[in-house]
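# Observations on the model geometry
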Amino acid sequence: FPLRPVKGKHTKMGFLKSATAFLLAVFILRAALGAMFQAPGAAGPALVEAFALDWAGFGTLIGLFWLPGLFLAYPLGLLARRLGDRRGVLLGLLLLILGALVSARADVVALLVAGRLLMGLGTLLVILLLTKMVQDRFIGRDLFPAMAVYVLGWPLGIAAAQAALPGFVPDHGWEFPYLVAAFAGGLALVAIALARGPEPRIVPICASTSSALTRAEFRRMCIAGACWALVNGAYMVLVSFAPPMLMARGLGLAEASFATSLISWSNLLAVPAGAWLARRAGVAGPMTVSATLLAMLAGFALPIADVAWAPSLGLLHGLCYALPITIFSALAAEAVAPERRARGLGVYFVWFYAGCTGCPAFAGWLRDVTGDATAPVFFAVAALGGALGLYVWFRRDLVRG
């Protein structure tokens, strides 16, 4: 998409102030965040065995990555303007790195939980303020491609962690994924600190402008947040619980990890393609509905089809899931006026963090109660169906005004 020219763009400082440098830093940060999230999933059975966890405990540990946001997202949304976007993101990255290191040194469950909660607090700061930074700088038709970059780093970070790190765990221990995640966080910290531009393009806030959300804005932020929570919850459950499900059905660790990683690697093609299509008039809605339904069909087939089809089904699910992902992610920008975005995102992320905290824990509980490794995967499919229903509700509500 068109990047605004920057005076002195051929100089090093000019590049650092450009939209390209900013989006590159955003991509690196989001990839690091994916590696941070996937650290316990990459450690997998070794982590479960080392701390004598059941599957509900494993799912809860994954969900703790989001728990602080459930309680602090709205207050931070109110304080975002005072904290400062870039400063808050850098603070969040420091907390993420510290949490990963605490987790890697844990010898009891309490320290493992404490490290995950520190990572969760850092994640809250990063996601809340980074989302605001992107949506403040790219508006209109430019928002879809910018959100494509924002979204794409996350699944690729997860895919890289899922594909590469489990193979190192037998020799280097369950701690290895956490140490790699901390290193990735350090790279992201440097990238965000160096990238200085572009300037925000939101409408300046006038003294007479009310900062309170209207009733319609509040409702739409709730719908958008719940939708985005289920979209992400479905993905997190699938990439965390599909490997042990496939292993229970006869695949080896490497084969199961590879098949699951294809869900994320396919995003490399599907997210940019979906963003490009979303800019075409009349395409976004039909693409969202049809692609999501196909993703649900592929996800439903994964636990019941012959395991030889697992890589193909993982690839199909990932492609269809990712095509409309920028449309789902941009709902918040449509729901509220720019001058009330920080406050609106506080509401939005309460729903987001509730879903992201609860979905993995509930999936793990289902696994324990039913004794069936396929139950979490079927739950992920149902969550994606719920997200589609909320998307349709949001679009109709926006039309009604």
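Residues numbered from 1 in each chain as written. Predicted model: local features only at pLDDT ≥ 70, side-chain atom pairs only at ≥ 80, totals over all residues. Heavy atoms only, no water.

### Details of the overall build of the protein chain
A tally of helices and strands in the protein chain yields 18 helices and zero strands. In terms of overall size, the protein chain behaves like a compact globule, its C-alpha atoms giving a radius of gyration of 20 Å where 401 residues would be expected to give roughly 21 Å. When its C-alpha atoms are laid out on the principal axes, the protein chain stretches across 60 × 45 × 40 Å. For the protein chain, the proportion of its 401 residues judged to be buried stands at 58%. (Helix = DSSP H or I, 4+ residues; strand = E, 2+ residues; numbered from the N terminus. Rg over C-alpha atoms; globule rule 2.2 N^0.38 Å. Buried < 20%, exposed > 50% of the residue type's maximum accessible area, 1.4 Å probe, protein only.)

### Considerations on empty space enclosed by the protein
Left-over empty space is what a probe sized like a water molecule reveals as it rolls over the atoms. Following the criterion strictly, the structure yields six cavities of 30 Å³ or more and no others. Quantified by volume, the largest cavity comes out at close to 70 Å³. Arg-30, Val-151, Trp-154, Pro-155, Trp-228, Asn-232, Tyr-235, Asn-267, Tyr-321 and Ile-325 are the residues that line the largest cavity. The set of elements that each furnish at least two residues to the lining of the largest cavity consists of helix 7 (143–164) and helix 10 (215–248). Residue composition of the lining of the largest cavity, grouped by class: seven nonpolar, two polar and one charged. (1 Å grid on protein atoms, 1.4 Å probe; cavity = no way out; pocket = protein on both sides within 12 Å on 5 of 7 lines; lining within 4 Å. Points joined across faces, edges and corners; volume = space filled by probe spheres on them. Nonpolar A, V, L, I, M, F, W, Y, C, P; charged D, E, K, R; others polar.)

### Concerning the environment of Leu-61
Of note, Leu-61 is situated in helix 3 (residues 55–63). Its relative accessible area of 4% is what places Leu-61 among the buried residues. Once the C-alpha coordinates of Leu-61 and Leu-112 are considered, the two residues, 51 residues apart in sequence, prove to be 8.4 Å apart. With residues near it in sequence (within four places) discarded, Leu-61 still touches Pro-40, Leu-47, Leu-112, Arg-116 and Tyr-178. (Contact = heavy atoms within 4.5 Å.)

### Details of the packing of aromatic side chains
On inspection of all chains with the given rule, the structure shows 22 aromatic pairs. Residues Trp-174 and Tyr-178 carry aromatic rings whose centres are separated by 6.0 Å and whose planes lie at 90° to one another, so their mutual orientation is edge-to-face. Three or more aromatic residues joined by ring pairs form one cluster here, namely Phe-37, Phe-65, Trp-66, Trp-154, Tyr-348, Phe-349, Phe-352 and Tyr-353. Cation over ring: Arg-30 sits above Tyr-150, and NZ or CZ is 4.1 Å from the ring centre. The positively charged end of Arg-137 is found above the aromatic ring belonging to Phe-22, 5.4 Å away from the centroid. (Phe/Tyr/Trp six-rings, centres within 6.5 Å; stacked < 30°, edge-to-face > 60°. Lys NZ or Arg CZ within 6 Å of the ring centre and 35° of its normal.)

### Notes on the packing of helix 2 (residues 19–50) against helix 5 (residues 85–104)
Helix 5 packs onto helix 2 with a crossing angle of 30° between their chain directions and a minimal axis gap of 11 Å. Classified by the interaxial angle, the pair formed by helix 2 and helix 5 is roughly parallel. Our pair here, helix 2 against helix 5, has a crossing hand that is left-handed. Across the interface between the two elements, Leu-29, Leu-33 and Met-36 from helix 2 touch Val-89, Leu-93, Leu-96, Ile-97 and Ala-100 from helix 5. Among the residues forming the contact of helix 2 with helix 5, the class breakdown is eight nonpolar, no polar and no charged. (Axes fitted to C-alpha atoms, helices over the stretch in contact; angles between N-to-C directions. Parallel < 35°, antiparallel > 145°, perpendicular 65-115°, else oblique. Left-handed = near helix turned anticlockwise from the far one by under 90°.)

### Considerations on a nonpolar patch on the surface
Judged by side-chain polarity, Tyr-74, Leu-78 and Leu-79 come together as a nonpolar surface patch covering roughly 250 Å² of accessible area. By secondary structure assignment, the location of Leu-79 is in helix 4 (residues 67–83). A relative accessible area of 43% places Leu-79 in the partly exposed class. (Patch = residues over 30% accessible without salt bridge, like charges linked within 9 Å, V, L, I, M, F, W, Y side chains within 5 Å. Areas by Shrake-Rupley, 256 points an atom, 1.4 Å probe, with all protein chains shown as cover. Salt bridge = Lys/Arg side-chain N within 4 Å of Asp/Glu carboxyl O.)

### As for the state of the cysteines
The tally for this structure, following the rule as stated, stands at zero disulfides. The thiol sulfur of Cys-222 is not disulfide-bonded, and the nearest other cysteine sulfur, from Cys-227, lies at 13 Å. Take Cys-359: it sits in no disulfide, and the sulfur closest to it among the cysteines is that of Cys-356, at 7.0 Å. (Disulfide = S-S within 2.5 Å.)

### With respect to the packing of helix 7 against helix 11 (residues 253–265)
Where helix 7 meets helix 11, the closest approach of the two axes is 8 Å, and the angle between their N-to-C directions is 165°. Accordingly, the angle class assigned to the pair helix 7 and helix 11 is roughly antiparallel. As for how helix 7 packs across helix 11, the hand of that crossing is left-handed. Of helix 11, the residues touching helix 7 (which contributes Pro-155, Leu-156, Ile-158, Ala-159, Ala-160, Gln-162 and Ala-163) are Ser-257, Ser-261, Ser-264 and Trp-265. A class-by-class count of the residues in the contact of helix 7 with helix 11 yields seven nonpolar, four polar and no charged.

### With respect to the side chain of Ser-103
For Ser-103, the location among the structural elements is in helix 5. A polar contact is formed between the side chain of Ser-103 and the backbone oxygen of Gly-99, at a distance of 2.9 Å. With residues up to four places along the chain from it excluded, the contact list for Ser-103 reads Leu-112, Gly-115, Arg-116, Met-119, Trp-174 and Tyr-178. (Polar contact = N/O pair within 3.5 Å; in protein donor to acceptor, adjacent residues only side chain to side chain.)

### A few points about the nonpolar core
By size, the foremost hydrophobic cluster in this structure holds 134 residues, and its most contacted members are Phe-65, Trp-66, Val-89, Trp-154 and Phe-349. Here this core takes 18 residues from helix 10, the largest share from any one element. Not counting the four nearest positions on each side in its chain, Trp-154 is found in contact with Arg-30, Ala-31, Leu-33, Gly-34, Phe-37, Phe-65, Trp-66, Asn-232, Tyr-235 and Met-236. (Core = buried A, V, L, I, M, F, W, Y, C linked by side-chain atoms within 4.5 Å.)

Shape descriptors only; they carry no functional weight alone.
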